[in-house]
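Here are the chains, one letter per residue:
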Amino acid sequence: MVDDCFGDPRLAAIYDPLDPDRSDLDAYLRMAEELGARHVLDIGCGTGVFALLLAERGIDVVGIDPAQASVDVARGKPGSERVRWICGDAMALPSLEVDLATMAANVAQAIVDPDTWHKTLQGAYEALRPGGHLVFETRDPAARAWEEWTRERSYRVTEIPDVGSVESWVQLIEVSQPLVTFRWTYIFAADGQVLTSDSTLCFRERDEVETDLVAHGYVVEDVRDAPDRPGAEFVFLARRP
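Residues numbered from 1 in each chain as written. Predicted model: local features only at pLDDT ≥ 70, side-chain atom pairs only at ≥ 80, totals over all residues. Heavy atoms only, no water.

1. Some points on the environment of Cys5
Secondary-structure assignment places Cys5 in helix α1 (residues 4-7). With a relative accessible area of 6%, Cys5 lands in the buried category. Through-space distance from the C-alpha of Cys5 to that of Tyr218 is 32 Å; in sequence the pair is 213 residues apart. Those residues within four positions of Cys5 in sequence are excluded, and the remaining contacts are Leu11, Ala12, Tyr15, Tyr186, Ser197 and Ser199. (Helix = DSSP H or I, 4+ residues; strand = E, 2+ residues; numbered from the N terminus. Buried < 20%, exposed > 50% of the residue type's maximum accessible area, 1.4 Å probe, protein only. Contact = heavy atoms within 4.5 Å.)

Right, dumping it as structure tokens:
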């Protein structure tokens, strides 16, 4: 299932303006440089922000995402011809041999079905060359990030060129650990349309993720802190032997 905020064309078109600060991707760019990656698979590429940052640096990139509307936004950006875009998921990849596979932001947590999660780890493994790495992040459940997902903390009005004023906020719907469900609401001033998007994230424990990685043949080389959310996230660095 694709959340409406990624799959609805009107919402996909405003995703970047509503979240313009992508400094969270700086750590991934540094790791790509640290690992000397020249061929990268960006799983859950969304509107293509990270894939295009990599391509600007001369890296060969494949960006894959199940939301067609988001992929369409990515394809419409300057420099998009340098990236190979695929609408789909890591369970049905073409034959690849990349140095690095990534799942940035909420991608790993958005894969809530256990079977799909395991198949995604396996798909990424098969796409890596021997010695290649998988990097992704997931929030530490102990930090209870969902307690801040309230209308009061998130409400804002954003002026978007060619769109107009958009009100947006998030509200928590249900906490049934490890699953947390929340709803974003968007109001378009231009015509008064109200759109909502429900999302569920899986808050996996660190040892659970490490066990899953090892079960799929990875060597867990490091578990780092996320620079943009110190003490609140795990960043996994796993290698295909």
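2. A word on the sheet that holds strand β11 (residues 233-239)
Judged by pairing direction, the sheet is mixed, and its seven strands sit side by side in the order β3-β2-β1-β4-β5-β11-β10 without closing on themselves. Of all strands in the sheet, those with a lone pairing partner are β3 (83-87) and β10 (219-225), marking the two edges. Pairwise comparison of adjacent strand axes, ignoring direction, gives a mean angle of 15° for this sheet. Where strand β4 (residues 98-103) and strand β5 (residues 128-139) come together, five bridges link them in parallel fashion. Bridge pairing in β5 places Val98 opposite Leu128. Of the strands in this sheet, β1 (39-43), β4 and β5 are in contact with helix α8 (residues 114-127), which crosses β5 at around 145°. Sheet strands in contact with helix α10 (residues 206-215) are β5, β10 and β11, and its direction is about 15° off that of β11. (Pairing = 2+ DSSP bridges. Axes fitted to C-alpha atoms, helices over the stretch in contact; angles between N-to-C directions.)

In short, the description is geometric, and any link to function would need to be established separately.
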